[in-house]
Amino acid sequence: MTSVADDLRALVRTIPDFPKPGIQFRDITTLMLDRSGLSRAVDALADTVDGPIDLVAAIEARGFAIGGALAVKLGAGLLLIRKDGKLPGKTIAEDYALEYGTDRLAMHVDACTPDARVLVVDDLLATGGTALAAVRLVRRAGGNVVGARFLIDLPELGGGDALVAAGVDARSLLAYEGH
Ligand SMILES: O=P(O)(O)OC[C@H]1O[C@H](OP(=O)(O)OP(=O)(O)O)[C@H](O)[C@@H]1O
Ligand SMILES: Nc1ncnc2[nH]cnc12
């Protein structure tokens, strides 16, 4: 009998040298195509969450798919953390470095009620730059980050350690060695 993690791992495709030479790109589009892939992933992530969640803060773009479904499962609201320049209202923004570049994330400044219990969600944790920028945004907006959840972790890149150092309970369903 295979575990849920084994089943999910079998649905993730690895594409070498995308978007740059040397990057092993962990592609979740194949998991999304499976009829039960997303629901099994979301059920497994929900099992790792203790206590009520007011808002799932989902990170653009692939984090929207996981985070949106997890918000429904947890009975939480959905806070969209987007690449800068996409949100129409007044925003706050944070710069961050990526495994393969730099970028800036933004959220609506009034998206989070004071002390809301917020779970940051993305598909994948690599260096942690993206997730830490999301944590900084939610905290600046007055939210209480109660954890961060990912489908995939690349532990060699140190994102999990960086989140723990920032006081965030970070957990992932699948770990992949190498980049
Ligand atoms: O831990 P880090 O080193 O910050 O990397 C992880 C981030 O990289 C990927 O997003 P990407 O920026 O490629 O954007 P996308 O989801 O829009 O494709 C992934 O979805 C995470 O958001
Ligand atoms: N190796 C990787 N695969 C997929 N998404 C990523 N985001 C950052 N690194 C990644």
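Each remark here, short or long, concerns the structure printed above.
Residues numbered from 1 in each chain as written. Chains lettered and ligands numbered in written order. Predicted model: local features only at pLDDT ≥ 70, side-chain atom pairs only at ≥ 80, totals over all residues. Heavy atoms only, no water.

Structural notes on unusual backbone geometry
Working step 1: Here the amide bond leading from Phe18 into Pro19 is cis, since omega sits at -5°, within 30 degrees of zero.
Working step 2: Note on placement: Pro19 falls in the loop between strand E1 (13–16) and strand E2 (24–27).
Working step 3: At the junction of Glu60 and Ala61, the peptide bond is cis and its omega measures out at -5° in the coordinates.
Working step 4: For Ala61, the position within the fold is in the loop between strand E3 (55–59) and helix H4 (62–74).
Working step 5: Of note in the backbone geometry, Asp115 takes a positive phi value of approximately 65° without being a glycine.
Working step 6: Its place among the elements puts Asp115 in the loop between strand E6 (101–108) and strand E7 (117–125). (Helix = DSSP H or I, 4+ residues; strand = E, 2+ residues; numbered from the N terminus.)

What to know about the environment of Arg104
Working step 1: By the secondary structure assignment, Arg104 is in strand E6.
Working step 2: Put simply, Arg104 and Ala133 are 29 residues apart on the chain and 8.3 Å apart in space, counted from C-alpha to C-alpha.
Working step 3: Beyond its immediate sequence surroundings of up to four residues, Arg104 is in contact with Arg82, Lys83, Asp84, Ala93, Glu94, Asp95 and Tyr96.
Working step 4: A distance of 2.6 Å separates the side chain of Arg104 from the side chain of Asp95, its partner in a polar contact. (Contact = heavy atoms within 4.5 Å. Polar contact = N/O pair within 3.5 Å; in protein donor to acceptor, adjacent residues only side chain to side chain.)

What about the nonpolar core?
Working step 1: Ile81, Met107, Cys112, Val120, Val138 and Leu163 are the most contacted members of the largest nonpolar core, which has 27 residues in total.
Working step 2: Sorting the residues of this core by element identifies E3, strand E4 (77–83), strand E5 (91–98), E6, E7, helix H5 (129–140) and strand E8 (144–153) as the ones contributing at least two each.
Working step 3: Counting residues per element, this core draws most heavily on H5, which supplies seven residues.
Working step 4: For Cys112, the contacting residues outside a window of four places in its chain are Leu55, Leu79, Met107, Val118, Val138, Ala141 and Gly143.
Working step 5: Grouped together as the second largest cluster of nonpolar side chains are 25 residues, Leu8, Leu11, Ala76 and Val121 included. (Core = buried A, V, L, I, M, F, W, Y, C linked by side-chain atoms within 4.5 Å. Buried < 20%, exposed > 50% of the residue type's maximum accessible area, 1.4 Å probe, protein only.)

Observations regarding the pairing of E8
Working step 1: With respect to burial, E8 is a largely interior element, eight of its ten residues being buried.
Working step 2: In the sheet, E7 pairs with E8 via eight bridges, with the strands oriented parallel. Along E8, the bridge assignment pairs Val120 with Ala148.
Working step 3: Handedness of the crossover joining E7 and E8 through H5: right-handed.
Working step 4: Bridge count for E8 against strand E9 (residues 170–175) is five bridges, and the pairing is parallel. Bridge assignment links Ala148 to a residue of E9, and that residue is Ala170.
Working step 5: Taking the sense of rotation as the criterion, the β-α-β connection linking E8, helix H6 (residues 159–165) and E9 turns out right-handed. (Pairing = 2+ DSSP bridges. Right-handed = clockwise from strand over helix to strand, strands pointing away.)

What about the packing of helix H3 (residues 37–46) against H4?
Working step 1: The N-to-C vectors of H3 and H4 enclose an angle of 60°; their axes lie 9 Å apart at closest approach. When the interaxial angle is binned, H3 and H4 end up oblique. Of the two possible hands of crossing, H3 and H4 adopt the one that is right-handed. Here Leu38, Val42, Asp43, Leu45 and Ala46 of H3 lie close against H4, whose contacting residues are Ala65, Ile66, Ala69, Leu70, Lys73 and Leu74. (Axes fitted to C-alpha atoms, helices over the stretch in contact; angles between N-to-C directions. Parallel < 35°, antiparallel > 145°, perpendicular 65-115°, else oblique. Left-handed = near helix turned anticlockwise from the far one by under 90°.)

Considering the site of ligand 1
Working step 1: If you check the shell around ligand 1, you find 16 residues, and the closest are Asp122, Asp123, Thr127, Gly128 and Thr130.
Working step 2: Measuring from an oxygen atom of ligand 1, one finds a side-chain N or O atom of Asp122 at 2.5 Å.
Working step 3: In the model, an oxygen atom of ligand 1 is placed 2.8 Å from a nitrogen or oxygen of the Ala126 main chain.
Working step 4: Within the residue set of the shell around ligand 1, elements represented by two or more residues are E7 and H5.
Working step 5: Per element, the largest residue contribution to the shell around ligand 1 is four residues, and it comes from E7. (Near = heavy atom within 4 Å.)

In short, shape yes, function no, at least from these values alone.
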